[in-house]
Amino acid sequence: MEPLQSTLRSFVNSYQAVMWRLRECQLNDEQLSAVIGLSSGAIRNRRTKPDLWKLSEIERLATYFTVPTTACLQINQLLHDLPNRWVEMPEGERKRIERLLSVRRSQFNTYNLTDWPVRHLLKMHQVLNMAQS
């Protein structure tokens with residue numbers, strides 16, 4: 001779980017930098033909509049509830065704000081690889097990790113096919129930090 005924990009830590013730091021830049025951004029919702037390809041209503045909603053952003057949207061914002069996207073790319077790759085690693089794990093360990101992360105393997109597959117909500121990544125980060133303490 002250490003690779004996931006350290007990659008999540010990097011992503012959370014990057015996410016926080018992007019959110020800071022978003023707060024400082026002079027573009028209104030319509031202008032930002034044209035830049036990152038989301039509706040202005042979705043942007044308005046995400047500005048009030050930042051955990052609704054999706055991983056790919058954070059990556060697009062990072063690109064726009066010239067924040068390195070490495071953490072977004074790494075967490076995306078790791079999340080896509082994790083279900084394959086679970087196949088090789090003993091059943092008990094896999095179930096323990098699923099319980100700890102509060103995301104089932106089927107949810108991993110769904111989010112890997114669609115897009116990861118930031119709220120799940122933030123929750124995983126928090127849970128792994130608490131488990132380490």
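The structure reproduced in this document is the subject of the present report.

Quick notes on the environment of Asn112
Relative to the helices and strands, Asn112 resides in helix 7 (residues 105-113). Placed 36 residues apart in sequence, Asn112 and Asn76 show a C-alpha to C-alpha distance of 8.1 Å. Ignoring anything within four residues of it in the chain, the contact list for Asn112 reads Leu79, His80 and Pro83.

Some thoughts on the packing of helix 4 (residues 55-64) against helix 5 (residues 70-88)
The geometry of helix 4 relative to helix 5 is characterised by a closest axis approach of 9 Å and an angle of 160° between their N-to-C directions. Relative to helix 5, helix 4 is oriented roughly antiparallel. At the point where helix 4 passes helix 5, the crossing takes the left-handed sense. Contact residues: Leu55, Ile58 and Glu59 in helix 4; Cys72, Leu73, Ile75 and Asn76 in helix 5. Residues that form the contact of helix 4 with helix 5 fall into these classes: 5 nonpolar, 1 polar and 1 charged.

Section: the nonpolar core
Ranked by internal contacts, the top residues of the largest apolar core, which has 38 residues, are Phe11, Trp53, Ile58 and Leu61. Going through the elements one at a time, helix 1 (2-24), helix 2 (29-36), helix 3 (40-48), helix 4, helix 5, helix 6 (91-101), helix 7 and helix 8 (118-132) are the ones with two or more residues in this core. If one sorts the elements of this core by residue count, helix 1 sits on top with 8 residues. In contact with Ile58, not counting residues within four places along its chain, are Phe11, Tyr15, Val18, Met19, Trp53, Cys72 and Val118.

What about the side chain of Arg46?
On the secondary structure map, Arg46 appears in helix 3. Given the relative accessible area of 13%, Arg46 is considered buried. With sequence-adjacent residues up to four places away left out, Arg46 is seen in contact with Leu38, Leu52, Trp53, Lys54 and Glu57.

What to know about the environment of Asp81
Examined against the element boundaries, Asp81 turns out to sit in helix 5. Sequence spacing of Asp81 and Asn112 is 31 residues, and the spatial spacing of their C-alpha atoms is 9.6 Å.

Quick notes on the rules
- Residues numbered from 1 in each chain as written.
- Predicted model: local features only at pLDDT ≥ 70, side-chain atom pairs only at ≥ 80, totals over all residues.
- Heavy atoms only, no water.
- Helix = DSSP H or I, 4+ residues; strand = E, 2+ residues; numbered from the N terminus.
- Contact = heavy atoms within 4.5 Å.
- Axes fitted to C-alpha atoms, helices over the stretch in contact; angles between N-to-C directions.
- Parallel < 35°, antiparallel > 145°, perpendicular 65-115°, else oblique.
- Left-handed = near helix turned anticlockwise from the far one by under 90°.
- Nonpolar A, V, L, I, M, F, W, Y, C, P; charged D, E, K, R; others polar.
- Core = buried A, V, L, I, M, F, W, Y, C linked by side-chain atoms within 4.5 Å.
- Buried < 20%, exposed > 50% of the residue type's maximum accessible area, 1.4 Å probe, protein only.

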